[in-house]
Amino acid sequence: MSPVRVLYLAGSGRSGSTLVTTVLGQLPGFFAAGELRYLWRRGILENRPCGCGSPLADCPLWTRVRADLTDADPTGIAARLAERLRLRGLPTLLRRRRRGQPPVAGHPDDNHLARLYASIAAHALPEGGVIVDSSKLPPYGALLGSLPGIDLYVLHVVRDPRATAYSWRRRRRLDGRADDQLMSRPPVGKAALLWLVWNTATVRLWGDRDDRYLRVRYEDFVADPAGITARIAGFVGATPDELPFPTPHTARLTPTHSVAGNPARHRTGLVDVVADTEWLTGLSTRAYAVVTGLTSLALSRFGYPLRRPAVTTSVATSRPDPVVPSSPATRQEG
């Protein structure tokens, strides 16, 4: 069989990867898989909703994929992946990469991972199609790149760290309005450090000299959705006849079969693709200074100013999941 083309979205959380993934999933020959590193726990063990709306166990597509993986142990794979990809292992991972070794040490679980992607390609894609995996975590992308049968392309999606830090502070339910569990809300300092570590690691692992690496700023995507989408498609060798943009800043989204990730993956219909600038006024002066100070060396590399930009556009982005009001049950999350 031909290698499976995987377009891996790398970087940090709250960088717009969900919208980029969903838009790419509208292109012929592209499958928006969502955050596949979470398939084993959130999808199989917790039976959370597929992007199509059905619990994963009831989704016909994932039922066929799971039938190819009946000998896999999802509990063990989920636990071992979490351990193998921990932040503290990043120096070893980079050192192995420099030595020409597989960045993540091999494990028997890797056979199941390779079979997962092969099964998705067999059941969801035409020959030569592309799996879009928005798992983001650079070590998982490095692991995928070393698996047999996977032809890896890395799309590095970057967003201003002040915007991502502000986004992390919003209260969002993990899988939409019906879910009682909230997404994590790290303090702005921790959010800034995670942004710095994962984006720096992505550059160190693949970098600008790798022809399988493309960096896109989320701000550029929302400024020119059709142009950036066409550029990404061309990066993996695709030339779609039509893009899902009936107007320059509106996307027409149909359901995908994405697993895990931001609840925005469930949005369908006509969706505005515009800059969310609420953070420009909503992020406190102190929080802005903390994030800027921690990420200052990387800001210029990615083309972001140190000073707070002026507000030039109104906040027009519809939130994929409303902010959850404070209550005794959720106040400890703040």
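Remember, it's a predicted structure, so these values are computed and weren't measured experimentally.

(A) Fine view of helix 6 (residues 109-124). In this model, helix 6 (16 residues) spans 23 Å end to end at C-alpha, consistent with the 22 Å of a helix rising 1.5 Å per residue. Listed in full, the buried residues belonging to helix 6 are Asp109, Asp110, His112, Leu113, Ala114, Leu116, Tyr117, Ser119, Ile120 and Ala121.

(B) Examining the packing of helix 8 (residues 161-169) against helix 13 (residues 285-301) more closely. Between helix 8 and helix 13, whose axes approach to 9 Å, the crossing angle comes to 140 degrees. As far as their axial angle goes, helix 13 and helix 8 are oblique. Relative to helix 13, the crossing made by helix 8 is right-handed. Facing Pro161, Arg162 and Ala165 of helix 8, the residues of helix 13 in contact are Tyr288, Val291, Thr292, Thr295 and Leu299. Among the residues forming the contact of helix 8 with helix 13, the class breakdown is 5 nonpolar, 2 polar and 1 charged.

(C) Region of the structure containing the pattern of salt bridges. For the structure on display, the rule yields 10 salt bridges. Among the ionic pairs, Glu46 bridges to Arg48, the shortest N-O distance being 2.9 Å. Classification of Glu46 as partly exposed rests on a relative accessible area of 40%. The network of salt bridges with shared partners includes Glu83, Arg86 and Arg88.

(D) Spatial organisation of the sheet that holds strand 2 (residues 30-34). One open sheet accounts for 5 strands, arranged 2-3-1-4-5; its pairing is parallel. Each end of this open sheet is capped by a strand with a single partner; those strands are strand 2 and strand 5 (213-217). In this sheet, adjacent strand axes meet at a mean angle of 25 degrees when their direction is disregarded. Taken together, the 5 bridges between strand 4 (residues 150-158) and strand 5 define a ladder with parallel strand orientation. What sits directly across from Val158, in strand 5, is Arg217. Of the strands in this sheet, strand 1 (4-10), strand 3 (130-136) and strand 4 touch helix 7 (residues 138-145), which is tilted by about 165 degrees from strand 1.

What counts and how
- Residues numbered from 1 in each chain as written.
- Predicted model: local features only at pLDDT ≥ 70, side-chain atom pairs only at ≥ 80, totals over all residues.
- Heavy atoms only, no water.
- Helix = DSSP H or I, 4+ residues; strand = E, 2+ residues; numbered from the N terminus.
- Expected span 1.5 Å × (residues − 1).
- Buried < 20%, exposed > 50% of the residue type's maximum accessible area, 1.4 Å probe, protein only.
- Axes fitted to C-alpha atoms, helices over the stretch in contact; angles between N-to-C directions.
- Parallel < 35°, antiparallel > 145°, perpendicular 65-115°, else oblique.
- Left-handed = near helix turned anticlockwise from the far one by under 90°.
- Contact = heavy atoms within 4.5 Å.
- Nonpolar A, V, L, I, M, F, W, Y, C, P; charged D, E, K, R; others polar.
- Salt bridge = Lys/Arg side-chain N within 4 Å of Asp/Glu carboxyl O.
- Pairing = 2+ DSSP bridges.

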